[in-house]
Amino acid sequence: MIVTEEKPLEEIMSFLGGHKKILIAGCDGCDQPPRGLREAKSLALLIEMASKLKGEKVETTYTTVIKQCDDKIAHSTLSPLMEGVDAVVSLSCGIGVQVLSDVLEDAPVFPGQNTMFMGSEEREMGTVSERCAACGDCILDLTAGICPIARCSKSLLNGPCGGSQDGKCEVDKELDCAWQLIYDRLKALGRLDQMEEIMPAKDWSTSTHGGTRRTPKEMMFMDRPRRD
Ligand code: SF4
Ligand code: SF4
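J.: Before we move on, could you go through the domain arrangement of the protein and cite the residues and values that matter?
T.: How big an interface is tends to be stated in terms of the accessible area lost upon association of its parts. Partitioning the protein into structural domains gives domain 1 (2-116) and domain 2 (132-208). Placing a centre on the C-alpha atoms of domain 1 and another on those of domain 2 gives a separation of 38 Å.

J.: Account for unusual backbone geometry, naming residues and giving values.
T.: Only a minority of non-glycine residues have a phi that is not negative, and only a minority of peptide bonds are not trans. G159 connects to P160 through a cis peptide bond whose omega is 0°. Inspection of the secondary structure puts P160 in the loop between α5 (148-151) and α6 (178-188). A positive phi angle is found at S155, which is not glycine, with a value near 50°. Inspection of the secondary structure puts S155 in the loop between α5 and α6.

J.: Tell me about the site of ligand 1, and please be specific about residues and values.
T.: Residues in contact with ligand 1, as listed here, are C132, A133, A134, C135, C138, I139, L140, C147, I149 and A150. Across the shell around ligand 1, the residue classes break down as 10 nonpolar, no polar and no charged.

J.: Lay out helix α2 (residues 37-53) with the relevant residues and their values.
T.: Here α2 spans 24 Å end to end across 17 residues, near enough to the 24 Å set by a 1.5 Å rise per residue. Buried within α2 we find E39, A40, L43, A44, I47 and S51. One side of α2 carries all its buried residues, which in axial view fall inside an arc of 140°. The exposed set on the far side of α2, more than 90 degrees from its buried face, consists of R38, S42, M49, K52 and L53. Next to the buried residues of α2 lie α1 (9-16), β2 (21-27), β3 (59-65) and β4 (87-90). Following α2 by one or two positions, G55 has its phi on the positive side, about 80°.

J.: Now, about the environment of T115: what can you tell me, with residues and values included?
T.: Turning to its location among the elements, T115 is positioned in strand β6 (residues 113-118). Take T115: there are 17 C-beta atoms within 10 Å of it, and that puts it in the partly exposed class. Considering only alpha carbons, one finds T115 and I2, 113 residues apart in sequence, at a separation of 7.5 Å. Aside from chain neighbours lying at most four places away, what touches T115 is I2, T4, C93 and G94.

J.: Help me get a handle on the sheet that holds β4, residues and values and all.
T.: Taken together, four strands build an open sheet; the order of strands is β3-β2-β4-β5 and the sheet is parallel. The outermost strands of the open sheet, each flanked by one partner alone, are β3 and β5 (109-111). On average, each strand axis in the sheet is tilted by 25° relative to the strand beside it, whichever way the strands run. Looking at chain direction, β2 and β4 are connected through four bridges and run parallel. Within β4, the position partnered with A25 by the bridge is S90. Contacts from α2 reach β2, β3 and β4 within the one sheet, and its direction differs from that of β3 by about 165°. Of the strands in this sheet, β2 and β3 are in contact with helix α3 (residues 71-78), which crosses β3 at around 140°.

Rules used throughout
- Residues numbered from 1 in each chain as written.
- Chains lettered and ligands numbered in written order.
- Predicted model: local features only at pLDDT ≥ 70, side-chain atom pairs only at ≥ 80, totals over all residues.
- Domains from an automatic or database assignment.
- Helix = DSSP H or I, 4+ residues; strand = E, 2+ residues; numbered from the N terminus.
- Near = placed C-beta within 6 Å.
- Nonpolar A, V, L, I, M, F, W, Y, C, P; charged D, E, K, R; others polar.
- Expected span 1.5 Å × (residues − 1).
- Buried ≥ 20, exposed ≤ 12 C-beta atoms within 10 Å, placed from the backbone.
- Arc of directions from axis to C-beta.
- Contact = placed C-beta atoms within 7 Å.
- Pairing = 2+ DSSP bridges.
- Axes fitted to C-alpha atoms, helices over the stretch in contact; angles between N-to-C directions.

Below, the structure written as structure tokens:
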């Protein structure tokens, strides 16, 4: 799941200044809160009203794309609508915004949303929490199946830090300390000796620390060998 939230209208208006014909592109992909045709239409109306209040005449148009992160779908859906358009606002995650920037060469593409995180799990009703930061070199085998990259506020590999108090994180008292969770789980599994092993420096080249990541597309769809 990719989680996004709408940017405030004032922020959107701040980067649209001077543009006269704006296309709002919703996205129907993923499980993010819906940001499809209805949301694109309402943002288009809000932009027109806000422009009117500022004494500017702005024309908007809107549509939605099945999957903005697919360059062919994005291109075939949006290109026919680009005549006269001098700015696009995307209601997708950051990936979709970047795909549109690639395939729509003649107009700037602005993000209508903030991408909060991905790879999450719903626990309490209406709340999602990040469980994986897609580091590309999973170490869950060493941490009792609990990810310190996504769940420890400092992404510590050898925790806990000195701020862990009563099982809670010093950064946010509402948060369980990930390393306390790892400790508890290892204890329950009878593997506490693992806590004494110093985890070596992680290979961050597989995460975004190594620059933009690239994956051969066929790797994403191939039948992977079963591990059992
Ligand atoms: S170690 Fe990396 S791949 Fe594994 S759960 Fe954590 S962030 Fe995700
Ligand atoms: S208190 Fe725990 S979760 Fe918070 S930063 Fe320290 S080790 Fe990480």
